[in-house]
Amino acid sequence: MSDKIFGLNDIVEMKKGHPCGANQWKVVRMGMDIRIKCEGCQHSVMMPRKEFTRKIKKILVRSVEE
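Here the residue index of a chain counts from 1 through its sequence in written order. In keeping with the model being predicted, local features are shown solely for residues with a pLDDT of at least 70 and side-chain atom pairs are shown and tallied solely at 80 or more, while totals for entire chains, interfaces and linings include all residues. Side-chain measures were taken over the full set of non-hydrogen atoms in the model, leaving aside hydrogen atoms and water.

**Regarding the state of the cysteines**
And then number 1: By definition, disulfides here are pairs of cysteine sulfur atoms that lie within 2.5 Å. In total, this model carries zero disulfides according to the counting rule given.
And then number 2: Note on Cys 20: no disulfide assigned, nearest cysteine sulfur contributed by Cys 38 at a separation of 3.6 Å.
And then number 3: We note that Cys 41 lacks a disulfide partner, and the nearest cysteine sulfur, in Cys 38, lies 3.9 Å from it.

**Topic: unusual backbone geometry**
And then number 1: Its identity is not glycine, yet Asn 9 carries a phi of approximately 70 degrees, on the positive side.
And then number 2: Relative to the assigned elements, Asn 9 resides in the segment before strand E1 (11–14).
And then number 3: Here the term buried applies to any residue with accessible area under 20% of the maximum for its type, exposed to any over 50%, and partly exposed to those in between, with areas from a 1.4 Å probe on protein chains only. Classification of Asn 9 as partly exposed rests on a relative accessible area of 36%.
And then number 4: Not every positive phi belongs to a glycine, and Gln 42 is a case in point at roughly 65 degrees. The numbering of helices and of strands both runs from the N terminus, where a helix is a DSSP run of H or I of at least 4 residues and a strand a run of E of at least 2.

**Some words on the pattern of salt bridges**
And then number 1: The rule for a salt bridge is simple: a side-chain nitrogen of Lys or Arg has to be within 4 Å of a carboxyl oxygen of Asp or Glu. Per the counting criterion, the structure on display carries three salt bridges.
And then number 2: The partner of Glu 13 in a salt bridge is Lys 57, and the shortest N-O contact between them spans 3.8 Å. Residue Glu 13 is found in strand E1, and its partner Lys 57 is found in strand E5 (residues 56–61); the two are separated by 44 residues along the sequence.
And then number 3: Here Glu 13 and Lys 58 are joined by a salt bridge, their closest N and O atoms 4.0 Å apart. Highlighted residues: Glu 13 in strand E1 and Lys 58 in strand E5, separated in sequence by 45 residues.
And then number 4: Classification of Glu 13 as buried rests on a relative accessible area of 15%.

**Some points on the sheet that holds strand E4 (residues 44–48)**
And then number 1: As summarised here, the arrangement of the five strands in space is E4-E3-E2-E1-E5, forming an open sheet in which the pairing is antiparallel. Where the open sheet ends on each side, the last strands, each with one partner, are E4 and E5. Strand-to-strand twist of the sheet, defined as the mean angle between neighbouring strand axes without regard to direction, takes the value 40 degrees. Strand pairing is assigned whenever DSSP detects at least two bridges linking the two strands. A fitted line through C-alpha atoms represents every axis, and for helices the fit uses only the stretch in contact; the resulting angles, taken between N-to-C directions, go from 0 to 180 degrees.

If you want it as C-alpha cells, here you go:
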C-alpha cells in the first residue's frame, strides 16, 4: 500500500464520509497526530497517525511543494 503516502495540504478521501455529506478532507497538520479539515463544512478532526493511515481510502489531490 505505497499509495498511502500523504503530505501536508493533500486532499484525501476517507473510508467513511463526514455527516455533512462531503468526503474530501485536507491535511492541515502532520506529526504524531494528523489534523484534517472537512472541505464541505470546515470542521477539523485530529487523530493519531496510525488510526489515520488505517482509515484513509485514497489521495484525491496531491499538494504542490516548491
